[in-house]
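# Coordinates in review
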Amino acid sequence: MGRATLTDKKGKDFGELGKETKTNTEDTHKVSNGNKNRNTTTTTSSESRSKKSRRRPRKMTKSAAVVVSPLQRLFDTGKDVFALSGTGIVPTPDKIDQLRAVLDKIQPSDVGLTPQMPCFSPPVTRQAPPITYLHIHECEKFSMGIFCLPPSGVLPLHNHPGMTVFSKLLFGTVHIKSYDWVADIPSNASTVAEPSKTAKHPEVRLAKVKVDSDLTAPCNTSILYPADGGNMHCFTAVTACAILDVLGPPYSDPEGRHCMYYFDYPFTKYSVDRVTVPEEEKGKYAWLEEREKPEDLTVVGALYNGPNKIVENRSQPSTSSCNATSLS
């Protein structure tokens, strides 16, 4: 063979260098891969611990996030208490106490109301000031809402046929006058005075005064029943006041629960055969006459838009079908 050229020699040297380099590279890779595996194991273990530490607070946060607002608790309790609601059906005493206890704890801040809000502003004229009703919930079983009365605002004498009503005065002072129909009279007497052709008086019915006094917040919840507790009442705001009502079943014309308004007259105004009351007791009785809705009564309806809105379909056993409806 001929003499090897420089190019051939360099090629040989480069080839040997490549072999050596390859060998060294392989050894380096082995060491590097070993370190990488150890580093990867360490990193994976560290990341795993880090992820676990990050996951732990989430579990704690999830359990701590279940907070039921006072208004939600009131709705849930009302749904349970009035599950078997119907005309003339009164919840059992333990259910009454259950709802009253929840309602007693409701504060104005729970519904976002203060006496400084526009709906509580004093009237600027001598006309009856409008009353605002904040509709929270209504279904066939019960309803929830807040009456907002400015000073001198009046909810005229009206009834609650076959209903049980819980009223909580949130703030202010209100004068309450309430009646129940008289039932304990002689069997041969009547509590209804028929229209008289001579005196020209309309048909009136005898009622007994249940309450005639001021009520100032904070105070306990008031409760009226179908035949007791002052089923017919009138509210007159002495100061700006807010009244949270929970009642069941709600008014319903098709089911005979129509809201009726009344005039009240002193017992001495009319006389009925065989109906007598001791002189000192006459101030505790009155004659009530049905009337049309007062023309000067203005109730402005609005949907409740305050804090702690209720969630009607929570993940809990349901005992009645309740759906919110707008105020009619």
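That block above? That's the structure.
All values reported here derive from a predicted model rather than from experimental measurement. (Residues numbered from 1 in each chain as written. Predicted model: local features only at pLDDT ≥ 70, side-chain atom pairs only at ≥ 80, totals over all residues. Heavy atoms only, no water.)

### Observations concerning the pattern of salt bridges
Applying the stated rule across the entire model yields six salt bridges. Across the pair R257 and E255 runs a salt bridge, and its minimum N-O distance is 2.8 Å. A salt bridge links E281 to K284; the shortest N-O distance between them is 3.6 Å. By relative accessible area, which is 24% here, E281 ends up partly exposed. (Salt bridge = Lys/Arg side-chain N within 4 Å of Asp/Glu carboxyl O. Buried < 20%, exposed > 50% of the residue type's maximum accessible area, 1.4 Å probe, protein only.)

### Regarding helix α3 (residues 93-104)
For α3, built from twelve residues, the straight-helix expectation of 16 Å at 1.5 Å per residue is met to within 8% by its first-to-last C-alpha distance of 16 Å. Every buried residue belonging to α3 is among I96, L99, V102 and L103, and all of these are buried. Mapping the buried residues of α3 onto a view down its axis gives an arc of 135 degrees, with all of them on the same face. Opposite the buried face of α3, at more than 90 degrees from it, the exposed residues are P93 and D94. As for α3, its buried residues are in contact with α2 (70-81), β4 (164-171), β8 (222-224) and β10 (241-248). (Helix = DSSP H or I, 4+ residues; strand = E, 2+ residues; numbered from the N terminus. Expected span 1.5 Å × (residues − 1). Arc of directions from axis to C-beta. Contact = heavy atoms within 4.5 Å.)

### Things to note about the layout of surface pockets
The computed volume of the second largest pocket comes to approximately 230 Å³. Looking at the second largest pocket, it is lined by 17 residues, and the ones nearest its centre are I176, V211, S222, I223 and G229. At four residues, the largest contribution of residues to the lining of the second largest pocket is made by strand β7 (residues 204-216). Grouping the constituent residues of the lining of the second largest pocket by class yields eight nonpolar, eight polar and one charged. (1 Å grid on protein atoms, 1.4 Å probe; cavity = no way out; pocket = protein on both sides within 12 Å on 5 of 7 lines; lining within 4 Å. Points joined across faces, edges and corners; volume = space filled by probe spheres on them. Nonpolar A, V, L, I, M, F, W, Y, C, P; charged D, E, K, R; others polar.)

### Structural notes on the sheet that holds β8
In spatial order, the strands read β8-β4-β10-β2-β1-β13; together these six strands make up an open sheet with mixed pairing. In this open sheet, the two edge strands, each paired with only one partner strand, are β8 and β13 (299-303). Strand after strand, the sheet turns through a mean of 25 degrees between neighbouring axes, direction not considered. Judged from the three bridges that link them, β4 and β8 form a sheet pairing that is antiparallel. Paired with S167 across the strands is S222, a residue of β8. Running over the sheet, α3 touches β4, β8 and β10 and is turned about 15 degrees from β4. (Pairing = 2+ DSSP bridges. Axes fitted to C-alpha atoms, helices over the stretch in contact; angles between N-to-C directions.)

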